[in-house]
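What the coordinates show
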Amino acid sequence: MPVLAQGAVIRGTYLKFAGGRVVSFRAEKGGEILSEMLNADSGARRLGEVAFGINSGLDVPLKHPLFCEKLPGTMHIAVGKCFPQAFVADQTTKKGKAAFQNFVRSGTANTSVRHMDLVVSFRKGGAGKGVFLDGRELKLRNGNWDCQ
């Protein structure tokens, strides 16, 4: 789905991952911005998060990833910085900072100056083709992900 980044639209994005890193990429539109974002630093090409859109209260795609990523029948990934609060309760404490740095050193968490969400729609007319988890294909039922 189109995403606004640095005031430009990025659309038709293709990312190839190997070992948790983007090893090649292209975009139908906004390729220069995508390249700039992915080459910002050593962590910008690493996977930062993955999530499924399941908010059935949203039905209109907007060109802002914070809304598009929550649409039912979508999936999003973020490259670049992960959210430290997903790993430690309070990163502002000495113990929390140390714990988060251990996650970074182990390669479990990622730091970067960038965090860019990219959304794929599996809804009717979307570009998504299939999502597999442990060999099972996840399907849409009534327009939302069937988690059973």
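Report on the accompanying structure. (Residues numbered from 1 in each chain as written. Predicted model: local features only at pLDDT ≥ 70, side-chain atom pairs only at ≥ 80, totals over all residues. Heavy atoms only, no water.)

1. Some words on the overall build of the chain
Helix and strand content of the chain: three helices and 11 strands. Against the globule reference of 15 Å for 148 residues, the chain gives a C-alpha radius of gyration of 16 Å, in line with a compact fold. Across its three principal axes, the chain shows a C-alpha extent of roughly 45 × 40 × 30 Å. Looking at the 148 residues of the chain, the share that counts as buried comes to 32%. (Helix = DSSP H or I, 4+ residues; strand = E, 2+ residues; numbered from the N terminus. Rg over C-alpha atoms; globule rule 2.2 N^0.38 Å. Buried < 20%, exposed > 50% of the residue type's maximum accessible area, 1.4 Å probe, protein only.)

2. Re the sheet that holds strand S6 (residues 74-80)
Taken in spatial order, the three strands of this open sheet run S5-S6-S7, and their pairing is antiparallel. With partners counted over all chains shown, the strands left at the sheet margins are strand S5 (47-53) and strand S7 (115-121), one partner each. In this sheet, neighbouring strand axes are inclined to one another by 20° on average, regardless of whether the strands run parallel or antiparallel. Sheet analysis places S5 next to S6, joined by six bridges and oriented antiparallel. From the neighbouring strand, Glu49 faces S6, where its bridge partner is Ala78. (Pairing = 2+ DSSP bridges. Axes fitted to C-alpha atoms, helices over the stretch in contact; angles between N-to-C directions.)

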